[in-house]
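Commentary on secondary and tertiary structure
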Amino acid sequence: AVVSTQSTGKKRINKTRKQETVPTSSLESSEITILSSNESDDILDTVSKNIDQPDADKFAVVHVKGNQFKASVNDVIQVDNLDLDPGTEIVLHRVLLVGSLNYTLIGRPVLPSSTVKVTAMVIERGRGPYLRVYNSGKHHTRQFFWGKTWHHMHFHETMTTMLRIRSIEVANTDLKESADG
């Protein structure tokens, strides 16, 4: 259990009830490097050159209906129910991260739509896994009893949609502007 917080770190009580100090950060000041504007411009130029090259190992982290998925081209992801017919082509706008062997672009929190375009196709809609939900409590107005506690169990399947990632396109048009702001 945490006892108190001070500038040196957090104090914890271990099993022998003695206090020990845990540092709040494991980074030393020598491990942090601050880049000058020239160095950051050089890095952005290098990333821009790598983006223009065709790369088969691109991946993206997309946000769909409250869940995040890491996907590459031709991957199939299972998302919660989308009211779309099979064969429909969609664009996933909430892209959190795009990467490759040579670069990684991280959004704060999302990459701009003008920089990244992830397209997907709806393959099929169906039922998800069969889930068992178990509830119990002390109120006597429920299903069945074991002693003084009621127990209720029900089952349900959620509707899901299967998406196939068709393409991940990265444009470096406003790469320096998005890095500044």
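Our structure's up above, just so we're on the same page.
Throughout what follows, the structure given in this document is the object of discussion. (Residues numbered from 1 in each chain as written. Predicted model: local features only at pLDDT ≥ 70, side-chain atom pairs only at ≥ 80, totals over all residues. Heavy atoms only, no water.)

1. A word on the packing of aromatic side chains
The cut-off we apply is this: Note on aromatic contacts: the rings of Phe and Tyr and the six-membered ring of Trp form a pair at centre separations within 6.5 Å, being stacked when their planes are under 30 degrees apart, edge-to-face when over 60 apart, and tilted otherwise. Here a helix means four or more residues in a row that DSSP labels H or I, a strand means two or more in a row labelled E, and each is numbered from the N terminus. Using a 1.4 Å probe on the protein chains alone, a residue whose accessible area is under 20% of its type maximum counts as buried, one over 50% counts as exposed, and one in between counts as partly exposed. For a lysine, the NZ atom is tested; for an arginine, the CZ atom; a charge sits over a ring if that atom is within 6 Å of the ring centre and within 35 degrees of the ring normal.
Inspection of the entire model under this criterion finds 1 aromatic pair. For the pair Tyr130 and Phe155, a centre-to-centre distance of 5.5 Å together with 5° between the ring planes defines the contact as stacked. Of the two residues, Tyr130 is situated in strand S10 (residues 116-137) and Phe155 in strand S12 (residues 149-170); the sequence distance between them amounts to 25 residues. Looking at Phe155, the relative accessible area reads 42%, which means it is partly exposed. The aromatic ring of Phe59 is capped on one face by Lys70, whose charged end is 5.0 Å from the ring centroid.

2. Section: the pattern of salt bridges
Operational definition: Between Lys or Arg on one side and Asp or Glu on the other, a salt bridge is scored when a side-chain nitrogen of the former is within 4 Å of a carboxyl oxygen of the latter.
The final tally for this structure, using the stated rule, is 2 salt bridges. Close ionic contact of Arg125 with Asp83 constitutes a salt bridge, the shortest N to O distance being 3.7 Å. Here Arg125 is found in strand S10, whereas its partner Asp83 is found in the loop between strand S6 (76-80) and strand S7 (89-92), with 42 residues between them in sequence. Of the residues examined, Arg125 reaches a relative accessible area of 34% and is grouped as partly exposed. Glu157 is the salt-bridge partner of Arg127, the closest N and O atoms lying 3.3 Å from each other. Separated by 30 residues along the polypeptide, Arg127 in strand S10 and Glu157 in strand S12 bring together distant segments of the chain. Look at Arg127 and you get exposed, because its relative accessible area is 59%. Judged by its relative accessible area of 32%, Glu157 is partly exposed.

3. Notes on the nonpolar core
Heads up, the condition is: Buried Ala, Val, Leu, Ile, Met, Phe, Trp, Tyr and Cys residues that are joined via side-chain atoms within 4.5 Å together make up what is termed a nonpolar core. Working rule for contacts: check all heavy atoms of both residues, and any pair within 4.5 Å makes them a contact.
Core analysis: the biggest nonpolar cluster contains 25 residues, and Val62, Leu92, Val95, Val98, Val118, Leu163 and Ile165 have the highest contact counts within it. Of all the elements in the fold, those that place two or more residues in this core are helix H1 (37-52), strand S4 (59-64), strand S5 (67-72), S6, S7, strand S8 (95-99), S10 and S12. Look past the residues within four positions of Leu92 in its chain and what remains in contact with it is Val62, Val64, Val118, Ala120 and Ile165.

4. A short note on the sheet that holds S5
Note the threshold: The criterion for strand pairing is that DSSP finds at least two bridges linking the strands in question. Geometry is summarised by axes, namely lines fitted to C-alpha atoms with helices restricted to the contacting stretch, and by angles between N-to-C directions that run from 0 to 180 degrees.
The strand order across the open sheet formed by 4 strands is S5-S4-S8-S9, and the pairing between neighbours is antiparallel. Edge strands, defined here as strands with exactly one partner in the open sheet, are S5 and strand S9 (104-106). Neighbour-to-neighbour, the strand axes of this sheet turn through a mean angle of 15°, independent of strand direction. Relative to S8, S4 is paired through 4 bridges, and the arrangement is antiparallel. Paired with Val62 across the strands is Val95, a residue of S8.

5. Details of the environment of Asn81
Considering the arrangement of structural elements, one finds Asn81 in the loop between S6 and S7. Using a relative accessible area of 23% as the deciding quantity, one classes Asn81 as partly exposed. Placed 77 residues apart in sequence, Asn81 and Thr158 show a C-alpha to C-alpha distance of 7.8 Å. Setting aside its immediate chain neighbours within four residues, Asn81 contacts Lys65, Arg125, Met159, Thr160 and Thr161.

6. Details of the side chain of Thr161
Applicable threshold: Side-chain atoms alone can form a polar contact between residues adjacent in sequence; in general such a contact is a pair of N or O atoms within 3.5 Å, and within protein one must be able to donate a hydrogen while the other accepts it.
Within the secondary structure, Thr161 sits in strand S12. In this structure the side chain of Thr161 is engaged in a polar contact, spanning 3.0 Å, whose partner is the backbone nitrogen of Leu82. Those residues in contact with Thr161 that sit more than four places away from it in its chain are Ile77, Gln78, Val79, Asp80, Asn81, Leu82, Val122, Glu124 and Arg125.

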